[in-house]
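# Coordinates in review
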Amino acid sequence: MKKFLTGVFALLMGASIAFAQTPAAQQKQDKPKTEAKQDAQKLKKDGTPDKRYKENKEPKTATGPKKKDGTPDKRYKENKDPKATDAKKKA
């Protein structure tokens, strides 16, 4: 009985290995359709936006002096939120 079970077990292991080694069917990959957003942007080979072009650059905001940690210093008029100053004028 032990020899029979060992033989069946070996047969099942061999069959599972044989099925595991078959390569998957390769499908033909089409290029993904570009969206309108991607059409407007010039992209690098790795897919990130190319910052050399005007449409990919982030708009520069006029900011005043900054603190040592790089955040805007709210003591200056240029760095204050316009909504916050309007609320103070109304009160």
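Here, the structure is the one placed above.
I will try to describe carefully the structure that is included in this document.

## A look at the overall build of the protein chain
Helix and strand content of the protein chain: 3 helices and 0 strands. Each helix and strand of the protein chain, ordered N terminal to C terminal, gives the series α-α-α. Counting all 91 residues of the protein chain, 5% fall into the buried class. Within the protein chain, residue pairs in contact and separated by at least 24 positions form 0% of the contacts whose partners lie at least 6 positions apart. Put simply, the protein chain shows about 9600 Å² of open surface, and 58% of that area lies on carbon and sulfur atoms.

## As for the environment of proline 49
Position of proline 49 among the secondary structure elements: in the loop between helix H2 (36-40) and helix H3 (82-90). Relative accessible area serves as the criterion here: at 31%, proline 49 is assigned to the partly exposed category. What proline 49 contacts, discounting residues up to four positions off in sequence, is Gln41, Lys42, Leu43, Lys44 and Asn56.

## Examining the side chain of asparagine 79
Here asparagine 79 lies in the loop between H2 and H3. A distance of 2.8 Å separates a polar atom in the side chain of asparagine 79 from the backbone oxygen of proline 65. Discounting residues that sit within four places of it in the chain, asparagine 79 has contacts with Thr63, Gly64, Pro65, Pro72, Asp73 and Lys74.

## Description of the pattern of salt bridges
Across all of its chains, the model carries 2 salt bridges by this definition. In this structure, the salt-bridge partner of arginine 52 is aspartate 50, at a minimum N-O distance of 2.7 Å. Overall, arginine 52 belongs to the exposed group, its relative accessible area being 65%. We classify aspartate 50 as buried; its relative accessible area is 8%. Among the ionic pairs, aspartate 73 bridges to arginine 75, the shortest N-O distance being 2.7 Å.

## Some points on the environment of lysine 44
Along the chain, lysine 44 turns up in the loop between H2 and H3. Excluding its chain neighbours within four sequence positions, the residues that come into contact with lysine 44 are Pro49 and Asp50.

## Observations concerning the packing of aromatic side chains
On inspection of all chains with the given rule, the structure shows 0 aromatic pairs. Directly above the aromatic system of tyrosine 53 lies the positively charged group of lysine 42, at a separation of 5.8 Å from the ring centroid.

Calculation rules
- Residues numbered from 1 in each chain as written.
- Predicted model: local features only at pLDDT ≥ 70, side-chain atom pairs only at ≥ 80, totals over all residues.
- Heavy atoms only, no water.
- Helix = DSSP H or I, 4+ residues; strand = E, 2+ residues; numbered from the N terminus.
- Buried < 20%, exposed > 50% of the residue type's maximum accessible area, 1.4 Å probe, protein only.
- Contact = heavy atoms within 4.5 Å.
- Areas by Shrake-Rupley, 256 points an atom, 1.4 Å probe, with all protein chains shown as cover.
- Polar contact = N/O pair within 3.5 Å; in protein donor to acceptor, adjacent residues only side chain to side chain.
- Salt bridge = Lys/Arg side-chain N within 4 Å of Asp/Glu carboxyl O.
- Phe/Tyr/Trp six-rings, centres within 6.5 Å; stacked < 30°, edge-to-face > 60°.
- Lys NZ or Arg CZ within 6 Å of the ring centre and 35° of its normal.

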